[in-house]
Amino acid sequence: MYRNKIFVITTASLLLCWFVLSMVWGSYHAASDGFNELGFPFAFYRSFLGKCFDCPQTGILWKGLVGDLALVVVLALFIVRYMIR
């Protein structure tokens with residue numbers, strides 16, 4: 001029971017840190033014919049405002065989102081398993 005509570009608290013803390021890092025390291029270049037991209041370390045959202053003929057996928061990038069969340073969960077499991085005794 002105690003380890004589950006620590007896991008939930010650790011995961012919530014890491015999700016908050018991940019969200020902040022995603023916002024800080026996002027690229028916001030849509031105002032000058034570029035892309036807005038969010039995500040750390042993998043981009044999980046991309047938007048483009050303007051004309052484009054060979055644009056990459058825009059909207060929610062599911063592979064990046066699943067990769068980011070899986071990384072957070074694996075890191076939380078590692079911290080609870082090996083760092084907290």
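S.K.: Sorry, what's going on with the confidence of the model for the protein here?
M.R.: In low-pLDDT segments, the atomic positions of the prediction should not be examined closely. The pLDDT averaged across the protein works out to 88; a share of 98% of its residues lies at or above 70. Taken element by element, the predicted model of the protein shows its lowest mean pLDDT in strand S1 (residues 27–28) (88) and its highest in helix H2 (residues 62–83) (93).

S.K.: Help me understand the pattern of salt bridges in this model?
M.R.: One side chain can pair with another of opposite charge once the charged atoms of both are near each other. Inspection of the entire model under this criterion finds one salt bridge. Arg46 is paired through a salt bridge with Glu37; the nearest N and O atoms lie 2.7 Å apart.

S.K.: Would you explain the environment of Arg3 in this entry?
M.R.: Position of Arg3 among the secondary structure elements: in helix H1 (residues 2–24). C-alpha separation for the pair Arg3 and Arg81, spaced 78 residues apart in sequence, amounts to 8.8 Å. Residues contacting Arg3, with those up to four places away along its chain left out, are Val80, Arg81 and Ile84.

S.K.: Is there a simple way to explain the sheet that holds strand S4 (residues 59–60) in this structure?
M.R.: Strand pairing in a sheet is mediated by backbone hydrogen bonds. Such pairs are either parallel or antiparallel. A sheet is described by the order of its strands in space; here four strands give the open sequence S1-S2-S3-S4, paired in antiparallel fashion. Taken across any chain shown, the strands that pair with only one partner, and hence form the sheet edges, are S1 and S4. Relative to S4, strand S3 (residues 45–48) is paired through two bridges, and the arrangement is antiparallel. Among the inter-strand pairings, Tyr45 is bridged to a residue of S4, identified as Ile60.

Rules used throughout
Residues numbered from 1 in each chain as written. Predicted model: local features only at pLDDT ≥ 70, side-chain atom pairs only at ≥ 80, totals over all residues. Heavy atoms only, no water. pLDDT = per-residue confidence, 0-100. Helix = DSSP H or I, 4+ residues; strand = E, 2+ residues; numbered from the N terminus. Salt bridge = Lys/Arg side-chain N within 4 Å of Asp/Glu carboxyl O. Contact = heavy atoms within 4.5 Å. Pairing = 2+ DSSP bridges.

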